[in-house]
Amino acid sequence: MSTSPLSLLTPTAPPAAAHRGGLHTVLSRDEYLEAWSRWHGGTDPADSRLVRGWLSLAYALAVPLARLSPLVATALGLLVAAAAIAPAAAGGAWLIVAGLLIGLSGLLDSLDGALAIAGGRASRRGFVLDSAVDRLTEVGYAVAFWVAGAPGWLAAAFGALCWLPDYLRARAGQAGVHETGAVSVWERPTRVAMAALGLVGAGVVSLLDVELGGVDAVVLAVTCAAAVGCLLGVVGTAQLGVQLRRALGD
């Protein structure tokens, strides 16, 4: 999950992984979560079970892949997100494939961060790159909703609300706010889950051949998923806005 580049200007570097006898030793899970918090403006992953569980899963996958470059995971995440657009456009049962690809892209995104932080290879350059790739993958999620049948304006709103919280955090960081605040309902794992489950659900509806009196059930399912995502985006952005208003004062 990516929260924001607030700590980009003056990040507190996590403890480096140890190298003993040529072996690469990664941080423990608790050390990884603590270091992740420092790289994300003091955000406590314990504030959200979803975020903590997502990060723990990424850590579990990163441990056996400790020698893999985080950049490889970053590139794969972007490619997989882009690859989800074609099956989303194909519709029908292919929507399930699109949803699974989006879920995989989100997991790869978390994996690159886990490889970097737990392996003691986190850097400000990698932090910026990871944030940029996150935003590009979210464009892919919005496009997947659109080609699957969601109205263009709704898909665009979904994409914009994926971008807005991190943009606000980044701007607040430039204004001197060094904390990201509590985890909202619209963090990176939620965005990935809404896009992935929305498309998978629409694919299942297609397989069930649901009849809704002339209404395209698949298009309705995709539209509802995008709409729920937008609702969560509005709520999450409002939560963040309240926190930032307090932090910014006047």
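Our subject in this report is the structure included herewith. Fair warning: this is a prediction, and the values are worked out from it, not measured in the lab.

1. Topic: the nonpolar core
Then, in step 1: In terms of nonpolar packing, the biggest core is built from 29 residues, with Leu 95, Ile 102, Tyr 141, Phe 145, Phe 158 and Leu 199 touching the most fellow members.
Then, in step 2: Of all the secondary-structure elements, those providing two or more residues to this core are helix H5 (94-118), helix H6 (124-148), helix H7 (152-174), helix H8 (188-208) and helix H9 (217-248).
Then, in step 3: Here this core takes six residues from H8, the largest share from any one element.
Then, in step 4: Excluding its chain neighbours within four sequence positions, the residues that come into contact with Phe 158 are Tyr 141, Ala 142, Phe 145, Trp 186, Arg 191, Ala 195, Ala 226, Gly 229 and Cys 230.
Then, in step 5: Leu 108, Leu 111, Ala 118 and Phe 127 belong to the second-largest nonpolar core, a separate cluster that totals 21 residues.

2. Thoughts on H8
Note on helix geometry: an α-helix contains 3.6 residues per turn, so any two residues three or four positions apart are oriented the same way.
Then, in step 1: Taking 1.5 Å of rise per residue, the 21 residues of H8 would be expected to cover 30 Å, and the 30 Å separating its terminal C-alpha atoms lies within 8% of that figure.
Then, in step 2: Where H8 is concerned, the buried positions are Arg 188, Pro 189, Thr 190, Arg 191, Val 192, Met 194, Ala 195, Ala 196, Gly 198, Leu 199, Ala 202 and Gly 203.
Then, in step 3: Here the buried face of H8 lies against helix H2 (49-62), H5, H6, H7 and H9.
Then, in step 4: Once H8 ends, the next one or two residues include Asp 209, with phi positive near 55 degrees.

3. Let's talk about a nonpolar patch on the surface
Then, in step 1: On the surface, Val 204, Leu 208, Val 210, Leu 212, Val 215 and Leu 220 cluster together to form a nonpolar patch covering roughly 480 Å² of accessible area.
Then, in step 2: Considering the arrangement of structural elements, one finds Leu 212 in the loop between H8 and H9.

4. Comments concerning the layout of surface pockets
Then, in step 1: Considered as a void within the structure, the largest pocket measures approximately 410 Å³ in volume.
Then, in step 2: Pro 70, Asp 112, Ala 116, Gly 126 and Phe 127 are, among the 25 residues lining the largest pocket, the residues nearest its centre.
Then, in step 3: Among the secondary structure elements, those contributing two or more residues to the lining of the largest pocket are helix H1 (29-39), helix H3 (70-83), H5 and H6.
Then, in step 4: Here the lining of the largest pocket takes seven residues from H5, the largest share from any one element.
Then, in step 5: Of the residues contributing to the lining of the largest pocket, the split by class is 13 nonpolar, seven polar and five charged.

5. Points about the packing of aromatic side chains
Then, in step 1: Evaluation of the coordinates by the stated rule reveals three aromatic pairs.
Then, in step 2: Ring plane angle 80 degrees and centroid distance 5.0 Å describe the contact between Phe 145 and Phe 158, whose orientation is recorded as edge-to-face. Highlighted residues: Phe 145 in helix H6 and Phe 158 in helix H7, separated in sequence by 13 residues.
Then, in step 3: Taking the relative accessible area as the measure of exposure, Phe 145 reaches 1% and is therefore buried.
Then, in step 4: One aromatic cluster is present, formed by Phe 145, Phe 158 and Trp 186 through successive ring pairs.

6. Structural notes on H7
Then, in step 1: Taking 1.5 Å of rise per residue, 23 residues should cover 33 Å, and H7 covers 33 Å from first to last C-alpha, within 8% of that figure.
Then, in step 2: Of all the bends found along H7, the most pronounced is centred on Leu 164 and spans about 30 degrees, while Pro 165, a proline, follows it within four residues.
Then, in step 3: Looking only at H7, the buried set comprises Leu 154, Ala 155, Phe 158, Gly 159, Leu 161, Cys 162, Pro 165, Asp 166, Arg 169, Ala 172 and Gly 173.
Then, in step 4: Gly 176 sits one or two residues past H7 and shows a positive phi near 105 degrees.

7. Structural notes on the pattern of salt bridges
Then, in step 1: A complete count under the given rule lists nine salt bridges for this structure.
Then, in step 2: Salt-bridge contacts for Glu 138 lead to Arg 135; the nearest nitrogen and oxygen are separated by 3.0 Å. Within this pair, Glu 138 and its partner Arg 135 are both found in helix H6, separated by three residues, close to a single helical turn. The exposure classification of Glu 138 matches that of Arg 135, with both residues buried.
Then, in step 3: Two residues, Arg 191 and Glu 138, come together in a salt bridge whose shortest N-O distance is 3.0 Å. Of this pair, Arg 191 sits in helix H8 while Glu 138 is found in helix H6, placing the two residues 53 residues apart along the sequence. Of the two residues, Arg 191 and Glu 138, both sit in the buried class.

Conventions we followed
Residues numbered from 1 in each chain as written. Predicted model: local features only at pLDDT ≥ 70, side-chain atom pairs only at ≥ 80, totals over all residues. Heavy atoms only, no water. Core = buried A, V, L, I, M, F, W, Y, C linked by side-chain atoms within 4.5 Å. Buried < 20%, exposed > 50% of the residue type's maximum accessible area, 1.4 Å probe, protein only. Helix = DSSP H or I, 4+ residues; strand = E, 2+ residues; numbered from the N terminus. Contact = heavy atoms within 4.5 Å. Expected span 1.5 Å × (residues − 1). Patch = residues over 30% accessible without salt bridge, like charges linked within 9 Å, V, L, I, M, F, W, Y side chains within 5 Å. Areas by Shrake-Rupley, 256 points an atom, 1.4 Å probe, with all protein chains shown as cover. Salt bridge = Lys/Arg side-chain N within 4 Å of Asp/Glu carboxyl O. 1 Å grid on protein atoms, 1.4 Å probe; cavity = no way out; pocket = protein on both sides within 12 Å on 5 of 7 lines; lining within 4 Å. Points joined across faces, edges and corners; volume = space filled by probe spheres on them. Nonpolar A, V, L, I, M, F, W, Y, C, P; charged D, E, K, R; others polar. Phe/Tyr/Trp six-rings, centres within 6.5 Å; stacked < 30°, edge-to-face > 60°. Bend = angle between axes of the 7 residues up to and from the residue.

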